Amino acid sequence: MALKDDIKNKVQTIIDEDFEVTDVTYVPKIDDNKLTFGNTGLRFEATVLFIDMRGSTTILNKHNRTTVAKIHMAYFHTIVKIANLFGGNVRSFNGDSALVFFQGTTKDSLSTAVKAAMKIRFMLTDSKDGIANIISKYTEIDFGIGIDDGKILCTKIGIGGEHNRDLFWVGNAVNKSTVLSDKAKLPNPIYISSYVYSNLTDELLYKDPNANPKVNMWNSSTINYNGKNETCYYTSYYWGL
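A. Focus on the side chain of Asn-199. Examined against the element boundaries, Asn-199 turns out to sit in the loop between helix H7 (194-198) and helix H8 (202-205). A polar contact is formed between the side chain of Asn-199 and the backbone oxygen of Tyr-195, at a distance of 2.9 Å. Residues in contact with Asn-199, not counting those within four places in the same chain, are Lys-107, Leu-110 and Ser-111.

This is the structure we're talking about:
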């Protein structure tokens, strides 16, 4: 069979066949046997943290490739270690961005994702106890973090073989977290959706939950999502590690 016929037949099958969705209570992995290259998907609910480095093209043009690699290695190492500490599941690296899922639907699970973001912010930017001084010989890392919550559909894409496959994540929570991230940058590198904000625990809402009056750590703003203006919230606050 000619390659073009093989491709057309497979595409026709994908388009014509029904899609089978299974609800799960975990973040899928690439080797999950419930996922095939057919029309199968796993649906779960999670808080999505998307982080994107700012000025990566400038960094690339300013430094040689080995230096750029070291900067990105330090950046991603910091993100993954903190995400793992808080039960986050890092599932995608794309250039200078990362996608992290915190499975669950409770106030605690949403707040945990925001706490992880605040600690990532601390480690990337603090000049005393973070990594800022270590990499300052090369650059200052600027970045934006966007966070939203919702149901996500995971499918396997590509073809068989270790290096020809990946997972694809579908859902408004994924898309909105990237839009929020686009708006974020230092000194306010964390933006969250109104849904996440309305479900935060007091320790993530206020500088001191026991103070009177309480000081809100968040300010309101707007994003345009799906053709509509939506309220979002941003902060410059962070948590030490």
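Anyway, onward from the coordinates.
B. Here's a closer look at the environment of Gly-171. Within the secondary structure, Gly-171 is located in the loop between strand S6 (165-170) and helix H6 (172-183). Looking at Gly-171, the relative accessible area reads 18%, which means it is buried. It is 20 Å that separates the C-alpha atoms of Gly-171 and Thr-222, two residues lying 51 residues apart in sequence.

C. How the structure looks around the pattern of salt bridges. Applying the stated criterion across every chain yields a total of 5 salt bridges. Lys-115 is paired through a salt bridge with Glu-203; the nearest N and O atoms lie 3.1 Å apart. Of the two residues, Lys-115 is situated in helix H4 (residues 107-125) and Glu-203 in helix H8; the sequence distance between them amounts to 88 residues. Look at Glu-203 and you get partly exposed, because its relative accessible area is 36%. Across the pair Lys-214 and Asp-202 runs a salt bridge, and its minimum N-O distance is 3.7 Å.

D. Inspection of the pairing of strand S4 (residues 97-103) at higher detail. Where burial is concerned, most of S4 is hidden: 6 out of the 7 residues are buried. One ladder, built from 7 bridges, connects strand S2 (residues 40-54) with S4; its direction is antiparallel. By the bridge assignment, Val-48 is partnered in S4 with Phe-101. Across 5 bridges, the pairing between strand S3 (residues 89-94) and S4 is antiparallel. When the bridges of S4 are listed, Ser-92 appears paired with Leu-99.

E. Spatial organisation of the packing of helix H3 (residues 65-85) against H4. In contact at an axis separation of 10 Å, H3 and H4 are set at 145 degrees when each is read in the N-to-C sense. In the crossing of H3 with H4, the sense of the turn from one axis to the other is right-handed. In this structure, H3 contributes Tyr-75, Thr-78, Ile-79 and Ile-82 to the contact, and H4 contributes Ala-116, Lys-119, Ile-120, Met-123 and Leu-124. In terms of residue class, the contact of H3 with H4 is made up of 7 nonpolar, 1 polar and 1 charged.

F. Structural detail: the nonpolar core. Counting residues in hydrophobic clusters, the biggest one holds 41 residues, and the most contacted among them are Ile-51, Val-114, Ile-145, Ile-147, Ile-192, Leu-200 and Trp-218. Sorting the residues of this core by element identifies S2, H3, S4, H4, strand S5 (142-158), strand S7 (190-193), H7 and H8 as the ones contributing at least two each. When residues of this core are assigned to their parent elements, the largest contribution, 10 residues, is made by H4. In this structure, Ile-192 is in contact with Val-114, Ile-147, Leu-180, Tyr-197, Leu-200, Trp-218, Cys-232 and Tyr-233, ignoring residues within four places of it in sequence.

Criteria and cut-off values
- Residues numbered from 1 in each chain as written.
- Predicted model: local features only at pLDDT ≥ 70, side-chain atom pairs only at ≥ 80, totals over all residues.
- Heavy atoms only, no water.
- Helix = DSSP H or I, 4+ residues; strand = E, 2+ residues; numbered from the N terminus.
- Polar contact = N/O pair within 3.5 Å; in protein donor to acceptor, adjacent residues only side chain to side chain.
- Contact = heavy atoms within 4.5 Å.
- Buried < 20%, exposed > 50% of the residue type's maximum accessible area, 1.4 Å probe, protein only.
- Salt bridge = Lys/Arg side-chain N within 4 Å of Asp/Glu carboxyl O.
- Pairing = 2+ DSSP bridges.
- Axes fitted to C-alpha atoms, helices over the stretch in contact; angles between N-to-C directions.
- Left-handed = near helix turned anticlockwise from the far one by under 90°.
- Nonpolar A, V, L, I, M, F, W, Y, C, P; charged D, E, K, R; others polar.
- Core = buried A, V, L, I, M, F, W, Y, C linked by side-chain atoms within 4.5 Å.

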